[in-house]
Amino acid sequence: MMRKSLRQKKKCLQAILSIVLVLSLVMPMLFSFPANAQETKDAGKQEKENKIREINSFDDFFIFAAASQGFDYVGTTVVLNADLDLTEEQVKKTLEKYKVTHLTVGTKDCPFRGTFDGQNHKIKGLVYEPGIIKDPNSGLFSFTEGATIKNLTLENSDIEAVYQGGIIVGHAKNTYLENLTILNSKIKLSPANNIVSLITNLGFCGGGIAGIMEDSVMYNCEISGTEVVNNSTAGVTGVGGEGLYMGGLVGWAEDSTIEYSRVRSNYVGESQEYRDSVIRNEYDIAVGALGGKSVYAGGIVGGVNTDDGETRIVDCFCTADVSFYAANYVSVGSGIAGYAGGITGALRGNSHIERCHYAGKIHSKQYNAIIVIPIIETDVHISGISNICG
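Residues numbered from 1 in each chain as written. Predicted model: local features only at pLDDT ≥ 70, side-chain atom pairs only at ≥ 80, totals over all residues. Heavy atoms only, no water.

1. Quick word on unusual backbone geometry
Even without glycine at this site, Gln119 takes up a positive phi of about 50 degrees. Tracing the backbone shows Gln119 in strand 4 (residues 115-124). Judged by relative accessible area, Gln119 falls into the partly exposed class, the value being 37%. Phi at Tyr260 is positive, roughly 50 degrees, even though this residue is not glycine. Tracing the backbone shows Tyr260 in the loop between strand 21 (257-259) and strand 22 (262-264). (Helix = DSSP H or I, 4+ residues; strand = E, 2+ residues; numbered from the N terminus. Buried < 20%, exposed > 50% of the residue type's maximum accessible area, 1.4 Å probe, protein only.)

Take a look at the structure:
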């Protein structure tokens, strides 16, 4: 009887151990389901956030640019799958139909925050002509923040911009610019308040690729056979004003890095005509009082400075024609001054130039009339690297 009781207890113990063993194998699997479901949900969310939008035609690009006026494309990669020719007749008809005078991605209030990958394709014939009401939304991208723009060529672009502008981007903040090329194009800058500026002049920053770079990086970018110019005339100015900065690649760079980038000449057309890149900053003042204006031209960047970081120009070269013309025909006060450098017109703050060279032509002319006595200076304030440091 006792043996029978022991056998029963042994069987019960074996059953209990079997149940425990099964539960030890099954329970982790059961509890893993919610975790796996959460991981799947997170992966789906990440995939949704990293959306890809393809541009296969001008119509796709038109819709993309139009939508960017109110949608910032954060978490989206936009890929260009074909060359675009904006000079085609059908493109012109589409723009006329919808009364669109230019194609610009993003705005000051809604900057582009995504990634644009041109996949080494080309956009030809981008044109921007500002209307009567001036605004800074010019170039392919007007404002970017936290964005990446890469692997793209723009050819035969013709851009007019007010107080800031670049053929690729007007104002790039915390933006990465890589493998960008500008061929046989032109950008023209002018100050916003150019007739009478009795209190201050807003100045401008213009470059072949970017007008302003702030906390940004440019790598392996170039302009070739391209003009970056200003030839403005002011009526009456007084009490100072902002500087006028023109650069081959960038107008003004702050806390940014420009590396392995170039400004060079190019051969154009069937005749293979040799075409220089030109950076020319010309500013005339009819009557200037009290505060002087400053005009800057730089082969790579018009002017650089730092806020709380460092600005570096590394392994860059320029062969462009760089010049300024600054004239004040009736002056009461300090007059007008210009500065030109083969790499930059102004190097300030914690800024550095490393392993860069200039092999172009640099020249200047400065005209100041104290009351009615003209003071004309030729080839002043020019340098092969940088004119102003400090």
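That shown, we press on.
2. Re the nonpolar core
One recurring pattern in soluble globular proteins is that nonpolar side chains are buried together. Grouped together as the largest cluster of nonpolar side chains are 74 residues, with contacts concentrated most on Ile209 and Ile258. At five residues, helix 2 (residues 58-67) tops the list of elements feeding residues into this core. Non-local contacts of Ile258, meaning those with residues more than four positions away in its chain, are made with Met213, Met218, Leu249, Val250, Ala253, Ile300, Val301, Arg312, Ile313, Val314 and Cys316. The next biggest cluster of nonpolar side chains, apart from the first, holds eight residues, and it includes Cys205, Ile212, Tyr296 and Tyr339. (Core = buried A, V, L, I, M, F, W, Y, C linked by side-chain atoms within 4.5 Å. Contact = heavy atoms within 4.5 Å.)

3. Focus on the environment of Ile343
Here Ile343 shows up in the loop between strand 31 (336-341) and strand 32 (344-347). Overall, Ile343 belongs to the buried group, its relative accessible area being 0%. With sequence-adjacent residues up to four places away left out, Ile343 is seen in contact with Gly298, Gly299, Ile300, Val301, Ile313, Ile353, Cys356, His357, Gly384 and Ile385.

4. Considerations on helix 3 (residues 89-97)
Taken as a whole, helix 3 has its buried residues at Val91, Thr94 and Leu95. Angular distribution of buried residues about the axis of helix 3 spans 95 degrees; they occupy a single face of the element. Exposed residues lying more than 90 degrees from the buried face of helix 3 are Glu89, Gln90, Glu96 and Lys97. The elements touched by buried residues of helix 3 are helix 2 and strand 3 (84-85). One or two residues past the end of helix 3 sits Lys99, with phi positive at roughly 55 degrees. (Arc of directions from axis to C-beta.)

5. Examining the sheet that holds strand 31
Spatial ordering of the open sheet is given by 9-14-19-26-31-37, a layout of six strands whose pairing is parallel. Of all strands in the sheet, those with a lone pairing partner are strand 9 (164-166) and strand 37 (382-383), marking the two edges. (Pairing = 2+ DSSP bridges.)

6. Considering helix 2
Every buried residue belonging to helix 2 is among Phe58, Phe61, Phe62, Phe64 and Ala65, and all of these are buried. Buried residues along helix 2 cover an arc of 165 degrees about the axis, so they all sit on one side. Along its buried surface, helix 2 packs onto strand 1 (51-55), strand 2 (76-80), strand 3, helix 3 and strand 4.

7. Description of the pattern of salt bridges
Opposite charge on two side chains lets them pair, provided their charged atoms get close. In total, this model carries nine salt bridges according to the counting rule given. Among the ionic pairs, Glu354 bridges to Arg312, the shortest N-O distance being 3.2 Å. One end of the pair, Glu354, is in strand 33 (residues 351-354); the other, Arg312, is in strand 28 (residues 311-314), and 42 residues separate them in sequence. The partly exposed category is assigned to Glu354, whose relative accessible area is 25%. Sharing partners across several salt bridges, the network here consists of Asp72, Arg113 and Glu145. (Salt bridge = Lys/Arg side-chain N within 4 Å of Asp/Glu carboxyl O.)

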